[in-house]
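Architecture at a glance
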Amino acid sequence: ELARDFRVATSGKPRLIRRFLRRYHLLEMPEQWNQIAFDDHVHDAGTKGRKSATHLIMDAWIKGIRRLRVIYYNHIHSVSAMELLEAARIMGMDVRIGIEFSARFRGRYAQIIWVPRGFADSQDFLCFLADPRMMDLMARGRAASAYREKRVMDLLERFNAVHRPAIEAACDIRLSPIHPAEFKVFVGAGQASLVHLSKFIHDRVVAAMRERMPDRYRRLAEVKDDAERDGICRDMAEMDALEPEDLMERYLTPEANPDLPDPGCFIDSPDLPEALRRTPAEWVRELAGVRATFRITLNLTDLDAIDALEILYDCEGAITRLEIFNLKDYLNGKTAHLPAIDALQRALNSGNVIALKRMILEMIDGLQAAAGSDPERPGRVEKLSAILHDIAQLRTLYKTTPLKARIGSDSTGQSTRFHGMGLALKESLPPAARRRLSTAGGDDIRMVIPMRISAQRRITFHAENGAHPLTAAFWRVMERLRMPERLYRGGLQDWRVHEDNVRLADPGNIVTLGGVRPRHSNGLLGLRESKDAGGFRFSLKYMRTDLRNGLKVLLGFIPAFATFFFKYDWWVLAWLGAPIWFAITGLRNIVQSVLGGGGMRRSPLLRWNDYVSWDRLTDSLLYTGFSVPLLDLVMKTWVLDHGFGITTATHPISLYAFMALANGIYISGHNIFRGLPRSAAFWNFFRSILSIPIAVLFNAMAGGILAAAGVPGVDAALQKWAAVISKLASDCVAGIIEGAADRHANIGKRLRDYERKIRQLFDIHAQLELMFPEKDVLELLNAPMKIHNSRNAEALDLEKIIIINALDMLYFWMYQPRSHSALRQTMAGLSAEERRIFVRTQTILLRHREISLLMVNGIIGANFVKALAFYLDRTPAYLAAIGRIDATLPPVDAESGPAMVPAPKKRFDNTCQSGYQ
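Quick look at the structure, then. All values derive from a computational prediction rather than experimental measurement.

Cut-off values and rules
Residues numbered from 1 in each chain as written. Predicted model: local features only at pLDDT ≥ 70, side-chain atom pairs only at ≥ 80, totals over all residues. Heavy atoms only, no water. Helix = DSSP H or I, 4+ residues; strand = E, 2+ residues; numbered from the N terminus. Buried < 20%, exposed > 50% of the residue type's maximum accessible area, 1.4 Å probe, protein only. Contact = heavy atoms within 4.5 Å. Areas by Shrake-Rupley, 256 points an atom, 1.4 Å probe, with all protein chains shown as cover. Axes fitted to C-alpha atoms, helices over the stretch in contact; angles between N-to-C directions. Left-handed = near helix turned anticlockwise from the far one by under 90°. Nonpolar A, V, L, I, M, F, W, Y, C, P; charged D, E, K, R; others polar. Arc of directions from axis to C-beta. Polar contact = N/O pair within 3.5 Å; in protein donor to acceptor, adjacent residues only side chain to side chain. Phe/Tyr/Trp six-rings, centres within 6.5 Å; stacked < 30°, edge-to-face > 60°. Lys NZ or Arg CZ within 6 Å of the ring centre and 35° of its normal. Pairing = 2+ DSSP bridges. Patch = residues over 30% accessible without salt bridge, like charges linked within 9 Å, V, L, I, M, F, W, Y side chains within 5 Å. Salt bridge = Lys/Arg side-chain N within 4 Å of Asp/Glu carboxyl O. 1 Å grid on protein atoms, 1.4 Å probe; cavity = no way out; pocket = protein on both sides within 12 Å on 5 of 7 lines; lining within 4 Å. Points joined across faces, edges and corners; volume = space filled by probe spheres on them. Core = buried A, V, L, I, M, F, W, Y, C linked by side-chain atoms within 4.5 Å. Parallel < 35°, antiparallel > 145°, perpendicular 65-115°, else oblique.

1. Focus: the overall build of the protein
Looking only at helices and strands, the protein has 35 helices and 12 strands in total. For the protein, the proportion of its 917 residues judged to be buried stands at 47%. Nonlocal contacts in the protein, meaning residues at least 24 apart in sequence, comprise 77% of its contacts between residues at least 6 apart. Of the roughly 46900 Å² of accessible surface on the protein, 58% is carried by carbon and sulfur atoms.

Pasting the structure below:
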């Protein structure tokens, strides 16, 4: 069923895609993939998250997230970094790695996030991790993580001794002690945290409850007292709704364990690692010595505006980001300090001395007027007074580099109470998604957070002359007429975000991409009921393709046949009217598919029916069947003939005009109902207008032929065939328009295929040029022993990738629709040097022995026989075709390289035949 859903989704029909998006609680993203979707604070399995790095990137891409910042505590493993960065590169996502350090600040800890920048690729980042200074920093970070893990294990022992018996008594269950080794296995490669511990305890508690639940149902059946029954039902409902966060709040907080040290407070002890003793200013100085290019974000969790001001001043402008909004803190009610910090950020960015002075004075007055005996109060007042007298320096810190905002979900994927990963700017979403968000009850799993981002939509038009002379002439005419560019030239749309203008606002314009369940359930209720998991379940949606297509044709044929059979006495129309009608539609779909895929110049390996989408054909036959009673019975007979007296004899132009209009409305309507793009619905309506003169012409031609043949009652005969003539004219126009649209779509797909492959080819060629600076790489590729003798393993791997890319492009050429036209356009857009590289690298396919060994050794799997035969048979013709295309394009410089090897008269010589047989 999932495979069938995937195949249906690949059709790209908007209505079907939106149905799947609603099923999986996903928001629609724009086709241009230019949405502002991000998350500046997420965790993977390397810390306290549930998902691996690859799983995290895949989920983010599915949600539509384009920018992600993954946070690690104190250190990061090179394996995790490599997996994360490579996955992000493959999915085309902007990912930053942040390392969060705990900095000692006034008896507790403040969190700063260090994001090193300026890396060319993942290998560059791995080299950075191998730097001695970075390795020393990570070693101290691992010591800090080990110290924090020891605190979690102490809490585990406390739970076994004190809280476990309390849970057993409260829930009437038996809960065995948790062994530390089992918990470490559960944590895996991550860093042990309270999130892991609460989730592990929750799983054990739910398992114990599940064992006891049948006994509770039996007891519920035996109890007669209503009050007692209500109490049992209430207890069962509470057990079913128990969440890991409930256990954490009841048993794992510092308040529930007063005899254990609070991990959030600074407690000086001999075993405290050096990394947990440093202040924010000390951390900033050390991190600046490890990497020159970096960004530091201040995590505002449990910090107020006074704390933020002190830390920003002490770090002397090195902190350039504030995590102004943390979704997890917001849902936990820890946002009372945000308005003051938001005002502080705006005052610093604007350099408003008056506002800064007023804020600092209010902070001093607030501290002095506060009740209680805070030992830190005198020092804080003194520090604020010093900042007040040095306000000019404070203003200078962010005069040139504004203090930007960061917004994150702090998602771990472990909780059902908090929203998942991802945030998006509402204005950057498509209209359908915005309507869904604005409709009351349309999307109750998401929320709009009280933050507003200033962003401007930009449309960039690129000057384009066109490779074809007619295309170039079209651009020149449009420019001379001074037509608006958006009417005839596709522009690149994107958004310009003002990161220094992110502010608190209600309502905001940022929506969560992740949601929360309306009600959490552990699946405990209803366990007494037996559920039949087997049995046959009929579903029309998952029926066999051939049976479903046949059913659609039959369903469309019934109304068409009934209309002709019961309306006409002449046996030709009565029995053959519906088949003729269906033949027109079917032939038009087949012709347009063949012409759109390649026409008569298609690949010799593809038959005409390889281009035909039978699902699309049967859909057309289904809906065209219902158009017969609409056009022939309702429109032609009842409305025009009986209602207005319009026939082919009285007003032929009016007859075909009104029928074309009705047909256009019907086609556009079922196009929209089927979920086809609105552009397709528009052009299908437009084609009906164009079919009017063609229908009149066909009517005149048919009348002339019948009159010349001496057939009596020509007008009556034409009136009977009017619907068929109108249908034929409409499909003739449709064949041209939709065939051209199919051709354009196929060429667009092939252009993307070739662009991706050629870009990879040029990247690999550049890497080889760097490895062999004194040699001609193209000559090396034609002399493979030189690369093998160099004993450069990386060069050998790159050589194999060039071979694979060349085989891919050979497959494109032979099997993909419109690949010939797309390759010609691609090569026409290359420079002389790029074309030389492309043409010469394709000759690597002449290395028959090496490529054959790669296939035999499993590069494409165990079944290599057909692929090997295809490669050996088709390579000469492919290389000759590439040579002919290159010869017809503007000439390459004389030094560009030799001409392509012409196609041999034989497939390959006798030696090759005997060797590969």
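Read on for the rest.
2. Things to note about the packing of helix α22 (residues 571-597) against helix α23 (residues 614-644)
Contact geometry for α22 and α23: axes closest at 9 Å, N-to-C directions at 145°. At the point where α22 passes α23, the crossing takes the right-handed sense. Contact residues: α22 offers Trp581, Phe582, Thr585, Gly586, Asn589 and Gln592, while α23 offers Arg616, Leu617, Ser620, Leu621, Thr624, Gly625, Ser627, Val628 and Leu631. Among the residues making up the contact of α22 with α23, the classes are represented as six nonpolar, eight polar and one charged.

3. Some remarks on helix α18 (residues 431-438)
Of the residues making up α18, those classed as buried are Ala432, Ala433, Arg436 and Leu437. Within α18, the buried residues cover an arc of 135° as seen down the axis, which keeps them to one side. Of the residues in α18, the exposed ones pointing more than 90 degrees away from the buried face are Arg435 and Ser438. Contacts made by the buried residues of α18 are with α2 (14-23) and β12 (510-512).

4. As for the side chain of Arg377
Note that Arg377 resides in helix α16 (residues 377-389). From its side chain, Arg377 meets the backbone oxygen of Leu367 in a polar contact 3.4 Å long. If near-sequence neighbours (up to four positions away) are discounted, Arg377 is found in contact with Leu367, Ala370, Ala371 and Gly372.

5. Things to note about unusual backbone geometry
The bulk of non-glycine residues show a negative phi, and the bulk of peptide bonds are trans. Going from Asp506 to Pro507, the amide bond is cis rather than trans, its omega being 10°. Take Pro507: it is sitting in the loop between β11 (492-504) and β12. Located in the positive-phi region is Asp172, a residue other than glycine, with phi close to 55°. With respect to the secondary-structure elements, Asp172 resides in the loop between α6 (132-171) and α7 (180-187).

6. Observations concerning the environment of Arg824
Within the fold, Arg824 resides in helix α31 (residues 819-828). Each C-alpha atom, one on Arg824 and one on Leu751, is 9.8 Å from the other, the two residues being 73 residues apart in sequence. Beyond its immediate stretch of four places on either side in the chain, Arg824 contacts Ile885, Thr888 and Leu889.

7. A look at the packing of aromatic side chains
Under the criterion given, the structure shown has 25 aromatic pairs. Look at Phe325 and Tyr330: their rings are 5.1 Å apart centre to centre, the planes differ by 40°, and that puts the pair in the tilted class. When its relative accessible area of 28% is taken as the criterion, Tyr330 is described as partly exposed. Every member of this aromatic cluster is reached through a ring pair, and the members are Phe101, Trp114, Phe119, Phe125, Phe128 and Trp283. The ring of Trp283 is capped by Arg278, whose NZ or CZ atom sits 5.8 Å from the centre of that ring. Above the plane of the ring of Phe128 lies Arg291, whose end atom (NZ or CZ) is 5.4 Å from the centre.

8. Let's talk about the sheet that holds strand β8 (residues 423-425)
With respect to topology, 10 strands assemble into an open sheet ordered β7-β6-β5-β4-β3-β2-β1-β8-β12-β9, the strand pairing being mixed. In this open sheet, the two edge strands, each paired with only one partner strand, are β7 (404-408) and β9 (448-449). Bridge analysis of β9 against β12 gives two bridges, and the strand direction is antiparallel. Looking at the pairing, Ile449 lines up with Ile510 of β12. Of the strands in this sheet, β2 (67-73), β3 (94-105) and β4 (108-116) touch α6, which is tilted by about 65° from β3. Across the sheet, helix α14 (residues 338-350) lies against β6 (321-326) and β7, angled at about 150° from β6, the strand it touches most.

9. A word on a nonpolar patch on the surface
Residues Phe565, Phe566, Trp570, Trp571, Trp575 and Leu576 make up a contiguous nonpolar surface patch of about 720 Å² in total accessible area. Among the secondary structure elements, those contributing two or more residues to the nonpolar patch are α21 (545-567) and α22. Looking at which element gives the most residues to the nonpolar patch, the answer is α22, with three residues. Summarising the element assignment, Trp575 is placed in helix α22.

10. Some remarks on the pattern of salt bridges
Enumeration according to the criterion identifies 57 salt bridges in this entry. Glu286 is the salt-bridge partner of Arg140, the closest N and O atoms lying 2.1 Å from each other. Of this pair, Arg140 sits in helix α6 while Glu286 sits in helix α11 (residues 280-290), and the two are 146 residues apart along the sequence. Two residues, Glu168 and Arg164, come together in a salt bridge whose shortest N-O distance is 3.4 Å. A residue pair is termed a helical-turn pair when its members lie 3 or 4 positions apart in one helix, as Glu168 and Arg164 do in helix α6 at four residues. Here the two residues Glu168 and Arg164 agree in accessibility, since each one is buried.

11. Digging into the pairing of strand β5 (residues 294-299)
A regular strand carries its side chains on alternate faces of the sheet. For β5, a buried count of five out of six residues is recorded, marking the element as mostly surrounded by other parts of the structure. Across six bridges, β4 lies against β5 in antiparallel orientation. Within the sheet, the bridge partner assigned to Pro116 lies in β5 and is Phe294. With three bridges joining them, β5 and β6 adopt parallel strand pairing. Following the sheet pairing, Thr297 is matched in β6 by Arg321.

12. Re empty space enclosed by the protein
For the structure on display, the rule yields three cavities of 30 Å³ or more. If you add up the space inside the largest cavity, you get close to 60 Å³. Among the elements that take part in the lining of the largest cavity, β6 stands out by supplying four residues, more than any other. Of the residues in the lining of the largest cavity, the class split is four nonpolar, five polar and three charged.

13. Description of the nonpolar core
Counting 103 residues, the largest nonpolar core has Leu68, Trp114 and Ile407 as its most contacted members. Counting residues in each nonpolar core, the second largest holds 44 residues, with Tyr754, Leu761, Leu780 and Phe838 among its members.

14. Some words on the packing of helix α27 (residues 722-771) against helix α30 (residues 793-815)
In the contact formed by α27 and α30, the axes pass within 10 Å of each other and the chain directions differ by 160°. Taken together, α27 and α30 sit at an angle that is classed as roughly antiparallel. The hand of the α27/α30 crossing is left-handed. Along its contact with α27, which presents Asp753, Tyr754, Lys757, Ile758, Gln760, Leu761, Ile764, Gln767, Leu768 and Met771, the element α30 presents Glu794, Ala795, Leu798, Ile801, Ile802, Asn805, Asp808, Met809, Phe812 and Trp813. A class-by-class count of the residues in the contact of α27 with α30 yields 13 nonpolar, three polar and four charged.

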